[in-house]
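Coordinate inspection notes
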Number of protein chains: 2
Amino acid sequence: MASEPARCSMCAIRDKAVCGALDPNEIKGLNQIARWRTYKAGDVILVDGAKSDMLANVVQGVVKLTKSLDDGRQQIVGLVFPPDFLGRVYRPDSQYFAEAATDVELCTFPKEGFERFLHDHPNLEHRLLEHTLSELDACREWALLLGRKSAEEKVASFLLMIAKRAPRLGCQHSGEAGPTKFALPLSRADMADFLGLTIETVSRQITKLKSKGVIDLVSTRDLSVPSLSKLETVAHQEAA
Amino acid sequence: MASEPARCSMCAIRDKAVCGALDPNEIKGLNQIARWRTYKAGDVILVDGAKSDMLANVVQGVVKLTKSLDDGRQQIVGLVFPPDFLGRVYRPDSQYFAEAATDVELCTFPKEGFERFLHDHPNLEHRLLEHTLSELDACREWALLLGRKSAEEKVASFLLMIAKRAPRLGCQHSGEAGPTKFALPLSRADMADFLGLTIETVSRQITKLKSKGVIDLVSTRDLSVPSLSKLETVAHQEAA
DNA sequence: CGCGGGATTGAGCCGAATCAATGCAGGTGG
DNA sequence: CCACCTGCATTGATTCGGCTCAATCCCGCG
């Protein structure tokens, strides 16, 4: 087992992940401490409040980050798609649960080794900063949604986000022609936890969007959007 | 006008701001491009979507970061206290409004110059990364509040946060003795926008907390908390 | 075919929003 | 000095969106 030197060059996310900041020589060093791991949908990856030695690039699948109150109420505070980075550097513990929303592949690093590597490679740290800033922007965007949007707007905004980030289904050009088809990476329950709603409300809103002709349900997990701009109108994306 | 070489050494936040990463020699260089600015409560500092050349350390006062929908709904997505950093590096525009919640003093830098400086001083970039990570943690914490907490819990959580971050009023030891007194840096309207509530609901919840004996209103902006732990109980801070 | 877990649908309720009035403090000008 | 105004905060009455509880439905699977 252990490291395959050639692996990074074939990695699907080589350039887009934080590793993109490194040249072939440097990446060899990082690869020395990398370890590939896979998780099944539902597997727990990190535990809130617990010490964790793991950092990772998400290579495939979607990871949900959740926080919860002691009475069981739960909120998904972030979704991690490829080629995003997972884990909290410079703290021994994780601040939230991380759970595989779908089957997941990670390229993991021990925290200490990765942090040393960061220290020796300012380029990599720069890249990580850029990534963290984007996540912060996204989180603030989400705060607007959680605090001020109606259930319908929340669901529409979520579908829009997935339409933009998740891989398309079927053959499709980026050219505007034809409906956008994609699979939802989350169950209704997860969508509810992400949007600050209940399962029932999510379901009702989806039905409503369907009957309005804004979306088309192929199956519970696969949908088709005839016009993204109509969906955008319903979602009320923010001003300016 | 222009730079006073000696100023940084007397700066109230010298060690705690991102500048803490720099030695006296380096800080002289940064000070060359720094400019002091003051704002009155209510002044706009950054405009959502607009190009902005400004970055800054908050030296005094509180800045609110808001996002809004085109129909006027508004959400405060972050509060910036001293010695926090304000502004978005590596993007030409700001993603949100920044507005002085109280009178504010900033130590500002032109974006381009600061970014060059960052590039030449990995220590500073490291510090900025640490700071950004903390902000992200805080934002996710807030997502849990916005998505899952009741109005009473939201208000209690907010008061608790202020109690911890805002300067105390009157003489007070950190030792547990006596009530905690402090001033609210936000109006009821701002609190509502921060908590995803209406003004009326915020007001009612404050009245309720008062009648429960959890807090004591000295004036609308000044309050006293006999027992922080009682407030914590009401706020339902999250599980381990 | 029956079972089980996720999703949908329905009925009723409740918490927070809305609409509307009143209170209160600070500032201004007669 | 007081009357008045203006902006913020409080309080009350009513409405409504989303939650709760509960019953089906649907689909994959043993």
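Attention in this report is confined to the structure presented alongside it. All values reported here derive from a predicted model rather than from experimental measurement. One numbering rule holds for all chains: residues counted from 1, following each sequence as written. Chains and ligands are labelled sequentially in the order written, the chains with letters from A and the ligands with numbers from 1. Local features in this predicted model are restricted to residues of pLDDT 70 or higher, and side-chain atom pairs are both shown and tallied only at a pLDDT of 80 or more, whereas totals for entire chains, interfaces and linings draw on every residue.

**Digging into helix α5 (residues 188-195) of chain B**
All names here are of chain B. Here the C-beta atoms are placed from the backbone, and a residue counts as buried if at least 20 other C-beta atoms lie within 10 Å of its own, exposed if 12 or fewer do, and partly exposed otherwise. A run of H or I in DSSP counts as a helix once it spans at least four residues, and a run of E counts as a strand once it spans at least two, with each numbered from the N terminus. By the criterion of burial, α5 is predominantly enclosed, with six of the eight residues buried. When we look at burial in α5, the residues that qualify are Asp190, Met191, Ala192, Asp193, Phe194 and Leu195. Contact between two residues is assigned when their C-beta atoms, built from the backbone, lie within 7 Å. Where α5 is buried, its residues touch β4 (63-68), β5 (74-80), α4 (151-165) and α6 (199-211). In the segment just after α5, Gly196 is the residue with positive phi, at about 70 degrees.

**Focus: the protein's contact with DNA strand D**
Placing the C-beta atom from the backbone, one calls a residue near a molecule or strand if that atom lies within 6 Å of it. Around DNA strand D, the surrounding shell holds 16 residues, and the nearest of these are Ser150 and Thr201 of chain A together with Arg188, Ser203 and Thr207 of chain B. Elements with a contribution of two residues or more to the surface near DNA strand D: α7 (199-211) of chain A together with α5 and α6 of chain B. The element best represented in the surface near DNA strand D is α6 of chain B, accounting for six residues. Note on residue categories: nonpolar means Ala, Val, Leu, Ile, Met, Phe, Trp, Tyr, Cys or Pro, charged means Asp, Glu, Lys or Arg, and polar means any other residue, Gly included. Class assignment for the residues of the surface near DNA strand D results in five nonpolar, seven polar and four charged.

**Considerations on the interface of chain A and chain B**
Reports of interface size often rely on the accessible area that becomes lost once the parts have come together. On the chain B side, the residues contacting the 38 residues of chain A number 38 residues. Of all the secondary-structure elements, those providing two or more residues to the side of chain A that touches chain B are β4 (63-68), β5 (74-80) and α4 (122-148) of chain A. Looking at the side of chain A that touches chain B element by element, the count peaks at 19 residues for α4 of chain A. In terms of residue class, the side of chain A that touches chain B is built from 16 nonpolar, 10 polar and 12 charged.

**As for the relation of the copies chain A and chain B**
Superposing chain A onto chain B takes a rotation of 180 degrees combined with a translation of 0.0 Å along the rotation axis, leaving an RMSD of 0.0 Å. These values place the two chain copies in the arrangement generated by a two-fold rotation axis. A high fraction, 100%, of the interface residues of chain A reappear at the interface in chain B, so the copies pair face to face through one surface. Overlaid copies result from least-squares superposition on C-alpha atoms, with residues included only where pLDDT is at least 70 in both.

**Topic: the protein's contact with DNA strand C**
In the vicinity of DNA strand C, 16 residues are found, and the nearest of them are Arg188, Ser203 and Thr207 of chain A together with Ser150 and Thr201 of chain B. Going through the elements one at a time, α6 (188-195) and α7 of chain A together with α6 of chain B are the ones with two or more residues in the surface near DNA strand C. Ranked by residue count, the leading element in the surface near DNA strand C is α7 of chain A, at six residues. Its residues placed into classes, the surface near DNA strand C shows five nonpolar, seven polar and four charged.

**Brief notes about the nonpolar core**
One finds Val63 and Ala143 of chain A together with Val63 and Ala143 of chain B to be the most contacted residues of the largest nonpolar core, which totals 132 residues. In this view, Val63 of chain A contacts Ile45, Val58, Val80, Leu86, Ala98, Glu99, Ala100, Ala101 and Val104 of chain A; residues no more than four positions away in its chain are not counted. Throughout this description, the term nonpolar core refers to a group of buried Ala, Val, Leu, Ile, Met, Phe, Trp, Tyr and Cys residues whose C-beta atoms join them within 7 Å.

**So, the sheet that holds β5 of chain A**
Residue and element names in this part refer to chain A. The pairing criterion is simple: DSSP has to find at least two bridges between the two strands. In spatial order, the strands read β2-β7-β4-β5; together these four strands make up an open sheet with antiparallel pairing. Edge positions in the sheet fall to β2 (44-46) and β5, since each of these pairs with one other strand and no more. Neighbour to neighbour, the strand axes of the sheet diverge by 35 degrees on average, direction disregarded. Summarising the sheet, β2 and strand β7 (residues 97-100) pair through two bridges and their orientation is antiparallel. Its bridge partner lying in β7, Val44 is registered against Glu99. To get an axis, a line is fitted to the C-alpha atoms, and for a helix only the part in contact is used. The angle between two axes follows their N-to-C directions and goes from 0 to 180 degrees. Here α6 sits on the sheet and contacts β4 and β5; the angle it forms with β5, its principal contact strand, is near 95 degrees.

**Notes on helix α1 (residues 24-33) of chain B**
Every α-helix winds through 3.6 residues per turn, so residues three or four apart in the chain are directed the same way. Those residues of α1 of chain B that fall on the buried side of the exposure criterion are Ile27, Leu30 and Asn31 of chain B. All buried residues of α1 of chain B fall inside an arc of 105 degrees around its axis, so they share one side. Comment: arc refers to directions from the helix axis out to C-beta atoms.

**So, unusual backbone geometry**
All names here are of chain A. The omega torsion of the bond from Pro82 to Pro83 falls at 5 degrees, within 30 degrees of zero and hence cis. Its identity as a non-glycine residue notwithstanding, Tyr90 has a phi of 65 degrees, on the positive side. Relative to the helices and strands, Tyr90 is located in the loop between β6 (85-86) and β7. Positive phi is not limited to glycine here, since His236 has a value of about 50 degrees. Residue placement: His236 occurs in the segment after α8 (228-235).

**A few points about the sheet that holds β4 of chain B**
Taking strand neighbours across the sheet as the criterion, the four strands line up as β2-β7-β4-β5 (chain B) in an open arrangement whose pairing is antiparallel. Of all strands in the sheet, those bounded by a partner on one side alone are β2 (44-46) and β5 of chain B. On average, each strand axis in the sheet is tilted by 35 degrees relative to the strand beside it, whichever way the strands run. In the sheet, β4 of chain B pairs with strand β7 (residues 97-100) of chain B via four bridges, with the strands oriented antiparallel. The partner of Lys64 of chain B across the bridge, within β7 of chain B, is Glu99 of chain B. In the packing of α4 of chain A onto the sheet, contacts are made with β4 and β5 of chain B, and the angle to β5 of chain B comes to roughly 135 degrees.

**Describing the pairing of β4 of chain A**
Residues and elements named next belong to chain A. When β4 meets β5, the two strands line up antiparallel, connected through six bridges. Each bridged residue has a counterpart across the sheet, and for Val63 the counterpart in β5 is Val80. Here β4 folds back onto β5, and the loop between the two strands holds five residues, one of which, Gly72, carries a positive phi near 105 degrees.

**Overview of the pairing of strand β8 (residues 104-110) of chain B**
In this sheet, β8 of chain B lies alongside strand β1 (residues 35-39) of chain B in antiparallel orientation, the contact comprising five bridges. Residue Trp36 of chain B lies in a different strand from β8 of chain B, and its bridge partner there is Cys107 of chain B.

**Concerning the packing of helix α5 (residues 151-165) of chain A against α7 of chain A**
Helix-helix packing is characterised by the crossing angle of the two axes and by the distance between the axes. All names here are of chain A. In contact at an axis separation of 9 Å, α5 and α7 are set at 75 degrees when each is read in the N-to-C sense. Accordingly, the angle class assigned to the pair α5 and α7 is roughly perpendicular. Facing Ala151, Glu152, Val155 and Ala156 of α5, the residues of α7 in contact are Thr201, Val202, Gln205, Ile206, Lys208 and Leu209. Considered class by class, the residues forming the contact of α5 with α7 number six nonpolar, two polar and two charged. Relative orientations are named as follows: roughly parallel for angles under 35 degrees, roughly antiparallel for angles over 145 degrees, roughly perpendicular for angles from 65 to 115 degrees, and oblique for any other angle.

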